[in-house]
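Here is what each chain is made of, one letter per residue.
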Amino acid sequence: KDCSDSFSILAAPSIDTVSTSPSASTVVILGSTLTVQWTYSGAITNVKIELLRNGAVDRVISLSTSASSRSFQWNVPSSGLTVGNSIFRIKVTDASSAAVTKTSTSNFSIEAPPTLAVIVPLSNTQWIAGSAGTVTWSSTGIAGQVSIKLYRGNSFIKTLSSGIAASTGTFSVTTSQTTGLAAG
């Protein structure tokens, strides 16, 4: 008498890799998009995606996303998220089994977008041709250089200077830079 039935041995479900694009070593700017990618094996239908801050869940990015998509576009909020340097990771979990999970291997940073604000001159300031003046600004998150350009309304007149370190915050306009400018 034959008592055997056919059966299959299936691989246990696992999430094998989790990565982000831009890569984990880069800075993610508030209001931008971060692509989360994963690979998996076994029978996983949906995954939950979480943002970890210093190893603890900061927020659920997606409660249930199709595992077979292997990718999720996260629209990083422009506010309401604590920024930080190299303290974030992404965790992907089988939506039906919390024991099947994987966390990205590298930390990444989330930062506010860079800002630049002209303090002086104000929009209603008038300079006299052939006179000196000062341009003052404040900036955050700008490590590079700025250019000082002169406009009349929306019309570009000339570049007064370029290659100034953004952190300088001030530029002295010389009389020779304003000499010959038409009134208006």
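Rules of the game
- Residues numbered from 1 in each chain as written.
- Predicted model: local features only at pLDDT ≥ 70, side-chain atom pairs only at ≥ 80, totals over all residues.
- Heavy atoms only, no water.
- Helix = DSSP H or I, 4+ residues; strand = E, 2+ residues; numbered from the N terminus.
- Rg over C-alpha atoms; globule rule 2.2 N^0.38 Å.
- Buried < 20%, exposed > 50% of the residue type's maximum accessible area, 1.4 Å probe, protein only.
- Contact = heavy atoms within 4.5 Å.
- Areas by Shrake-Rupley, 256 points an atom, 1.4 Å probe, with all protein chains shown as cover.
- Lys, Arg positive; Asp, Glu negative; His and termini not counted.
- Charge placed at Lys NZ, Arg CZ, Asp CG, Glu CD.
- Pairing = 2+ DSSP bridges.
- Phe/Tyr/Trp six-rings, centres within 6.5 Å; stacked < 30°, edge-to-face > 60°.
- 1 Å grid on protein atoms, 1.4 Å probe; cavity = no way out; pocket = protein on both sides within 12 Å on 5 of 7 lines; lining within 4 Å.
- Points joined across faces, edges and corners; volume = space filled by probe spheres on them.
- Nonpolar A, V, L, I, M, F, W, Y, C, P; charged D, E, K, R; others polar.

(A) Layout of the overall build of the protein. A tally of regular secondary structure across the protein gives 1 helix and 14 strands. Taking 2.2 N^0.38 as the reference for a compact globule, 184 residues should give roughly 16 Å; the C-alpha atoms of the protein span a radius of gyration of 27 Å, well beyond that estimate. For the protein, the spread of C-alpha atoms along the three principal axes comes to 110 × 30 × 25 Å. For the protein, with 184 residues in total, the buried portion stands at 29%. Considering only intrachain contacts with a sequence separation of at least 6, the fraction spanning at least 24 residues in the protein is 55%. In the structure as shown, the protein presents an accessible area of about 11000 Å², 52% of it carried by carbon and sulfur atoms. Side-chain charges of the protein comprise 11 positive and 7 negative groups, with the mean position of each set lying 20 Å from the other.

(B) Focus on the pairing of strand β9 (residues 108-111). As paired elements, strand β2 (residues 27-29) and β9 share 3 bridges and run parallel to each other. Note on β9: the bridge partner recorded for I29 is E111.

(C) Representation of the packing of aromatic side chains in the model. One pass over the structure, following the stated rule, counts 2 aromatic pairs. The interplanar angle of 70° and the centroid separation of 5.5 Å between the aromatic rings of Y151 and F156 together place this pair among those described as edge-to-face.

(D) Representation of the layout of surface pockets within the structure. Size it by volume and the largest pocket reaches roughly 800 Å³. Residue lining of the largest pocket: 27 residues in total, with P121, T125, W127, L150 and Y151 positioned closest to the centre. When contributions to the lining of the largest pocket are tallied by element, the ones reaching two or more residues are β10 (115-120), β11 (133-140), β12 (145-152) and β13 (155-165). Per element, the largest residue contribution to the lining of the largest pocket is 7 residues, and it comes from β12. Its residues placed into classes, the lining of the largest pocket shows 18 nonpolar, 7 polar and 2 charged.

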